Amino acid sequence: MARDAGVRGHRAPTPMLLLSLLLSAAPFGLLGEETRQVSLEVIPGWLGNPQNLLHIRAVGTNSTLHYVWSSLGPPAVVLVATNTPHSTLSVNWSRLLSPEPDGGLIVLPKDSIQFSSALVFTRLLEFDGTNVSNMAAEPPGKPYPPYSLAEFSWNNITDSLDPATLSATFQGRPTHDPTRAFANGSLAFRVQAFSRSGRPAQPPRLLHTADTSQLEVALVGASPQGNCSLFGLEVATLGQGPDCPSIQEQHSIDDEYAPAIFQLDQLLWGSLPPGFVQWRPVAYSQKQGGRESALPCHASPLHPTLAYPLPQSPIVRAFFGPQNNFCAFNLTFGASTGPGYWDQHYLSWSMLVGVGPPPMDALSPLVLGIMAVALGAPGLILLGGGLVLLLRHKQSSEYQSIN
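Quick notes on the rules
Residues numbered from 1 in each chain as written. Predicted model: local features only at pLDDT ≥ 70, side-chain atom pairs only at ≥ 80, totals over all residues. Heavy atoms only, no water. Helix = DSSP H or I, 4+ residues; strand = E, 2+ residues; numbered from the N terminus. Buried < 20%, exposed > 50% of the residue type's maximum accessible area, 1.4 Å probe, protein only. Contact = heavy atoms within 4.5 Å. Areas by Shrake-Rupley, 256 points an atom, 1.4 Å probe, with all protein chains shown as cover. Pairing = 2+ DSSP bridges. Core = buried A, V, L, I, M, F, W, Y, C linked by side-chain atoms within 4.5 Å. pLDDT = per-residue confidence, 0-100. Salt bridge = Lys/Arg side-chain N within 4 Å of Asp/Glu carboxyl O. Polar contact = N/O pair within 3.5 Å; in protein donor to acceptor, adjacent residues only side chain to side chain. Patch = residues over 30% accessible without salt bridge, like charges linked within 9 Å, V, L, I, M, F, W, Y side chains within 5 Å. Disulfide = S-S within 2.5 Å. Phe/Tyr/Trp six-rings, centres within 6.5 Å; stacked < 30°, edge-to-face > 60°.

(A) Highlighting the overall build of the chain. Scanning the chain from N- to C-terminus turns up five helices and 22 strands. Split into buried and exposed, the 403 residues of the chain put 50% on the buried side. Considering only contacts within the chain whose residues lie at least 6 apart along the sequence, 67% involve residues at least 24 apart. Accessible area for the chain stands at about 18,900 Å²; split by element, carbon and sulfur atoms hold 57% of it.

Printed below as a string of structure tokens:
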């Protein structure tokens with residue numbers, strides 16, 4: 001089965017690569033699809049039982065993207081891109097639910113697969129954020145016992161499926177909750193697909209394309225284990241050999257869509273065509289996200305997980321077979337000062353996952369206008385001053401004869 005999940009020398013997209021994105025002239029017919037026919041399907045469970053397997057199929061002119069999301073084990077997504085608009089997903093439930101699910105998830109025809117990788121959301125982390133001065137430290141504070149997301153009980157995804165918005169929500173809480181921390185709380189993973197380019201109405205308003213899918217993670221109503229708790233998320237992905245993907249930072253002077261946020265973080269799988277995960281380093285402590293509720297988001301470097309076992313995702317094992325070359329990184333939300341989860345017991349964070357060059361924010365018309373005024377005004381002043389001096393010089397040099 002084709003698979004490209006590691007990095008073989010990644011780099012920022014070049015202008016020529018962006019031009020090919022705009023012209024839809026990229027190889028494999030995968031890059032730059034302006035629109036796609038998108039469908040969401042909950043795969044019927046084995047023996048009629050809901051198993052929370054969501055298939056997003058995005059069909060372009062010469063390609064198909066398959067996003068397979070599931071809460072079997074820890075929440076995970078398998079991303080597959082093919083070079084045909086006719087590829088299909090095949091699920092063998094009896095094999096998928098067995099102790100060895102290898103081969104239980106297949107995209108056909110196999111030789112059409114150009115890219116495949118996966119993300120697994122393994123643990124909800126919590127730290128004592130009292131007097132934390134260095135968010136880059138690992139860990140950023142005294143760790144509380146983490147929550148294994150493989151031990152959560154999740155809702156029936158069919159109840160939240162919304163074809164109009166191309167979205168669905170996995171909502172869960174710990175199966176065993178002796179402290180009743182989640183008695184009135186839940187952790188939600190809202191998945192959304194897009195048929196064309198655009199921006200959501202809510203911050204951080206990430207620019208999406210038809211080649212991407214968005215995930216919004218929201219922790220709501222759970223009781224923290226401390227008075228100043230910082231929460232985090234452990235995320236794992238497939239590596240290749242001893243190497244892990246790395247996280248890149250991009251900076252911009254434009255913060256119109258996410259006020260006071262001038263950075264964009266990206267995880268790149270360096271295959272061809274490339275795959276990516278993209279997010280802004282910001283979370284929000286209120287449902288109506290804004291500058292006043294913005295929390296910093298810090299991402300640790302990726303590291304191999306050979307030193308400790310990760311919860312197994314059946315869909316990842318079913319598609320890729322037995323793997324032990326996972327890489328993981330932690331996302332930590334908030335700081336000891338300013339707004340925090342403790343304000344309204346709410347926390348949300350968003351990311352994009354997709355294939356092709358990551359969407360690149362161009363300078364908005366507002367910023368371009370400001371720059372034009374800022375850069376043009378001195379030129380106009382110089383031009384006007386030069387004309388005044390020229391006219392004065394001409395008047396003083398004219399000789400008038402005296403009769």
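Here the narrative resumes, following the displayed structure.
(B) The pairing of strand β17 (residues 275-279), seen in detail. In terms of burial, β17 is largely enclosed, as five of its five residues are buried. Across the two faces of β17 the burial is the same, with Gly 275, Val 277 and Trp 279 and Phe 276 and Gln 278 all buried. Where strand β16 (residues 263-269) hands over to β17, the hairpin turn is made up of five residues, counted between the paired strands. By the bridge criterion, four bridges tie β17 to strand β22 (residues 346-355) in an arrangement that is antiparallel. Among the inter-strand pairings, Phe 276 is bridged to a residue of β22, identified as Gly 354.

(C) Examining the nonpolar core more closely. Within the largest apolar cluster, 57 residues are counted, with the highest numbers of intra-cluster contacts made by Trp 69, Phe 121 and Trp 279. Ranked by residue count, the leading element in this core is β22, at five residues. Listed in part, the 25 residues of the second largest apolar core include Ala 118, Leu 310, Phe 320 and Phe 326.

(D) Layout of the confidence of the model for the chain. In the predicted model, the chain carries a mean pLDDT of 85, and the fraction of residues at 70 or more is 81%. For residues 1-29, every residue scores under 50 in pLDDT, and the model assigns this stretch 68 contacts once sequence neighbours within four places are set aside.

(E) Quick peek at the pattern of salt bridges. Under the counting rule described, the total for this entry stands at three salt bridges. Two residues, Arg 317 and Asp 102, come together in a salt bridge whose shortest N-O distance is 2.7 Å. Of the two residues, Arg 317 is situated in helix α3 (residues 314-320) and Asp 102 in the loop between α2 (93-96) and β6 (105-108); the sequence distance between them amounts to 215 residues. Overall, Asp 102 belongs to the partly exposed group, its relative accessible area being 26%.

(F) Spotlight on the side chain of Ser 213. Looking at the secondary structure, you find Ser 213 in strand β13 (residues 212-220). A distance of 3.1 Å separates a polar side-chain atom of Ser 213 from the backbone oxygen of Gln 192. Dropping the residues within four chain positions of it, Ser 213 is found in contact with Ile 56, Tyr 67, Trp 69, Val 191, Gln 192, Ala 193, Phe 194, Met 351, Leu 352 and Val 353.

(G) Inspection of unusual backbone geometry at higher detail. The amide bond that connects Leu 108 to the next residue, Pro 109, takes the cis arrangement and shows omega of -5 degrees. By the secondary structure assignment, Pro 109 is in the loop between β6 and β7 (113-128). For Ala 260, which is not glycine, the phi dihedral falls at a positive 70 degrees. Its relative accessible area of 43% is what places Ala 260 among the partly exposed residues. Phi at His 345 is positive, roughly 50 degrees, even though this residue is not glycine. Topologically, His 345 is positioned in the loop between α4 (341-344) and β22.

(H) Quick look at a nonpolar patch on the surface. On the surface, a cluster of nonpolar side chains totalling about 320 Å² of accessible area is made up of Trp 46, Leu 47 and Leu 97. Checked against the element boundaries, Leu 97 lands in the loop between α2 and β6. In this structure Leu 97 comes out as partly exposed when scored by relative accessible area, which is 35%.

(I) Seen up close, the state of the cysteines. All chains considered together, the criterion is met by one disulfide. With its sulfur 1.9 Å from that of its partner, Cys 244 forms a disulfide with Cys 327. Measuring the twist about the S-S bond at about -85 degrees, one finds the Cys 244-Cys 327 disulfide to be left-handed. Separated by 83 residues along the polypeptide, Cys 244 in the loop between β14 (229-238) and β15 (247-251) and Cys 327 in strand β21 (residues 326-333) bring together distant segments of the chain.

(J) Geometry of the packing of aromatic side chains. Under the definition given, this model contains eleven aromatic pairs. Seen in terms of ring centroids, Phe 152 and Phe 182 are 5.7 Å apart; in terms of plane orientation they differ by 80 degrees. Their pairing is edge-to-face. Of this pair, Phe 152 sits in strand β10 (residues 152-154) while Phe 182 is found in the loop between β11 (167-174) and β12 (186-193), placing the two residues 30 residues apart along the sequence. Of the two residues examined, Phe 152 and Phe 182, each falls in the buried class. Plain terms: the ring middles of Phe 319 and Phe 320 are 4.8 Å apart, the flat faces sit at 75 degrees to each other, and that makes the pair edge-to-face. Classification of Phe 320 as buried rests on a relative accessible area of 11%. Every member of this aromatic cluster is reached through a ring pair, and the members are Phe 121, Tyr 147, Phe 152, Trp 154, Phe 182 and Phe 189.

(K) Examining the pairing of β7 more closely. Counting buried positions along β7 gives 14 out of 16 residues, so the element sits mostly inside the fold. Across seven bridges, the pairing between strand β4 (residues 76-82) and β7 is antiparallel. Across the sheet, residue Val 80 finds its bridge partner in β7, namely Ser 116. Note that β7 and β14 share nine bridges and pair antiparallel. Paired with Glu 126 across the two strands is Phe 231, which belongs to β14. Pairing between β7 and strand β9 (residues 147-148): two bridges, direction antiparallel. The residue bridging Arg 123 from the neighbouring strand is Ser 148, located in β9. Two strands pair when backbone bridges link them, and β7 and strand β8 (residues 142-143) are joined in this way by two bridges, in the antiparallel orientation. Across the sheet, Phe 127 pairs through a bridge with Pro 143, a residue of β8.

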